[in-house]
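# Chain and residue survey
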Amino acid sequence: MWEGENPELAGMERILEHWRDLDHREPTLKIVCPHDYSRRRFGLSPDGCPNLLWELTRTRREQLSASQLMWKNPTEAIVDKDNHLRDALKYVLLSLPSPSERPKEMKRAELILQAFANGTHATLAVQMARFELEEVSSSEPVSYRARLPRGD
């Protein structure tokens, strides 16, 4: 599944993908918790997941001492401690498709707003046609196999 890739790093990258570029889109992963998550809680929480948030805030990379750096390569490994819920989230997110970029409707609305803000609304129809063409061409599947002639 993660050949040649550290599964901890892949999992954290997937979690962070859901929270990237929040100036231009809504997060695709929301963790809601009304409880204090500054400390670990024992038992079940019927309305929230404070322990998941506690684990996520404690996630850190391994720190190597100066003497370890002399003999080891610097690593980007994530400390494997207090991570049961983070692991569960990682496996769920890695089994799902990667979060997509901003929805087409949001991009279209931004294009219209920019055109009127910049005073280029006269060419808006051309910009919209170009946008639609780019959207269609980016959504078409790409094949690296040679096409076989059709027997029509």
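Refer to the structure above for everything that follows.
Below: a short report on this structure. (Residues numbered from 1 in each chain as written. Predicted model: local features only at pLDDT ≥ 70, side-chain atom pairs only at ≥ 80, totals over all residues. Heavy atoms only, no water.)

## Topic: the overall build of the protein
For the protein, the helix and strand inventory stands at 6 helices and 0 strands. For the protein, the succession of helices and strands along the chain, N to C, is α-α-α-α-α-α. Looking at the 152 residues of the protein, the share that counts as buried comes to 24%. For the protein, the proportion of contacts with a sequence separation of at least 24, taken over those separated by at least 6, is 47%. With an accessible surface of roughly 11900 Å², the protein has 56% of that area assigned to carbon and sulfur atoms. (Helix = DSSP H or I, 4+ residues; strand = E, 2+ residues; numbered from the N terminus. Buried < 20%, exposed > 50% of the residue type's maximum accessible area, 1.4 Å probe, protein only. Contact = heavy atoms within 4.5 Å. Areas by Shrake-Rupley, 256 points an atom, 1.4 Å probe, with all protein chains shown as cover.)

## Brief notes about the environment of Asp-47
Looking at the secondary structure, you find Asp-47 in the loop between helix H1 (7-17) and helix H2 (50-58). The contacts of Asp-47, once residues within four sequence positions are left out, are Pro-34 and His-35. A polar contact is formed between the side chain of Asp-47 and the side chain of His-35, at a distance of 2.7 Å. (Polar contact = N/O pair within 3.5 Å; in protein donor to acceptor, adjacent residues only side chain to side chain.)

## Thoughts on helix H4 (residues 84-95)
Along its 12 residues, H4 runs 17 Å from first to last C-alpha, staying within 8% of the 16 Å computed at 1.5 Å per residue. Taken as a whole, H4 has its buried residues at Arg-86, Asp-87, Leu-89, Lys-90, Leu-93 and Leu-94. An end-on view of H4 places all buried positions within 160° of arc, on one side of the element. In H4, the exposed positions angled more than 90 degrees off the buried face are occupied by His-84 and Ser-95. Next to the buried residues of H4 lie H1 and H2. (Expected span 1.5 Å × (residues − 1). Arc of directions from axis to C-beta.)

## A few points about the nonpolar core
Membership of the largest hydrophobic core is limited to 9 residues, which are Leu-9, Met-12, Ile-15, Leu-29, Leu-52, Leu-56, Ile-78, Leu-89 and Leu-93. Counting only elements with at least two residues in this core, the list comes to H1, H2 and H4. Counting residues in each nonpolar core, the second largest holds 5 residues, with Leu-111, Leu-124, Met-128 and Phe-131 among its members. (Core = buried A, V, L, I, M, F, W, Y, C linked by side-chain atoms within 4.5 Å.)

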